[in-house]
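Close look at the chain arrangement
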Amino acid sequence: MSHTPGVREAQKRKTRKALLDAALGLLEEQSLSSLGLREVTRAVGVAPTAFYRHFRSIADLGVALVEEALGSLHPMIRTTVSPAEDRDERIARAVELIAGHVAAYPAHVRFVARERHGGVQPVREAIREQLARFAEEVKAELAKDPVSAGWSDADLLMLAGLYVDQMLATGSLFLEALETPETPEEARRRAADTATRQMRLISLGRRHWLD
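Residues numbered from 1 in each chain as written. Predicted model: local features only at pLDDT ≥ 70, side-chain atom pairs only at ≥ 80, totals over all residues. Heavy atoms only, no water.

1. Let's talk about the overall build of the chain
For the chain, the helix and strand inventory stands at 10 helices and 0 strands. Going residue by residue from the N terminus, the α and β elements of the chain occur as α-α-α-α-α-α-α-α-α-α. Expressed as lengths along the three principal axes of its C-alpha atoms, the size of the chain is roughly 65 × 40 × 35 Å. For the chain, the residues scored as buried account for 42% of the 211 residues in total. In the chain, once contacts between residues fewer than 6 apart in sequence are set aside, the share between residues at least 24 apart is 66%. If you sum the accessible surface of the chain, you get close to 11600 Å²; carbon and sulfur atoms cover 55% of it. Across the chain, the 29 positively charged side chains and the 30 negatively charged ones have centroids separated by 6 Å. (Helix = DSSP H or I, 4+ residues; strand = E, 2+ residues; numbered from the N terminus. Buried < 20%, exposed > 50% of the residue type's maximum accessible area, 1.4 Å probe, protein only. Contact = heavy atoms within 4.5 Å. Areas by Shrake-Rupley, 256 points an atom, 1.4 Å probe, with all protein chains shown as cover. Lys, Arg positive; Asp, Glu negative; His and termini not counted. Charge placed at Lys NZ, Arg CZ, Asp CG, Glu CD.)

2. A short note on the environment of Thr-41
Inspection of the secondary structure assignment puts Thr-41 in helix H2 (residues 37-44). Residue class for Thr-41 comes out buried when judged on its relative accessible area of 1%. In the structure, Thr-41 is positioned 26 residues away from Thr-15 in sequence and 10.0 Å away in space, judged by C-alpha atoms.

3. Topic: the side chain of Glu-115
Looking at the element boundaries, Glu-115 is found in helix H7 (residues 106-115). One buried charged residue, Glu-115, forms no salt bridge at all, with the nearest opposite charge on Arg-114 at 5.0 Å. Among the polar contacts listed, one links the side chain of Glu-115 to the backbone nitrogen of Leu-32, at a separation of 2.9 Å. Apart from the residues lying within four places of it in its own chain, the contact partners of Glu-115 are Ser-31, Leu-32, Val-123, Arg-124 and Ile-127. (Salt bridge = Lys/Arg side-chain N within 4 Å of Asp/Glu carboxyl O. Polar contact = N/O pair within 3.5 Å; in protein donor to acceptor, adjacent residues only side chain to side chain.)

Here it is as structure tokens:
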């Protein structure tokens, strides 16, 4: 009997994860604003009342999905702009990291891309807050680079925001590559080439910003 609370907690975590996974699967074909609570619980095989043991609302579930999709990415985002390598190596590494993440978690990437400007305000705000954190973390990494000498905090944050937006755009490119009728290798190569050129353009502009 002493293990009963632990068993219950494990079951609770399992059900919560099942609800998140079911919602993410259903969101492949619709937006969060159109998702019904009963759809999610039916997919998991639990009563609708069980939903409220884990989330206050569908919006609350959406915020949890944002944390699941973006919360673990902060180390990767910082790595993509680390000044430890030269420009081309850094860009190649960033593109490869993003490509790998999209291949591993396409549903999460699709969810964020759709809901970033979607109709559920708490979810939009949660995404915006995560992206603002990314921008601050990227800014801190950019400030370590000698190329940033003389830059103001405002300009560094502006540049960091450009990099974060470009990372999201790169994610969308690789997501589209997964869905193209082209051969996967060709579509992925084309996406990588476009993303590389776009990042190089930002990098070139950065080097001449103070001219």
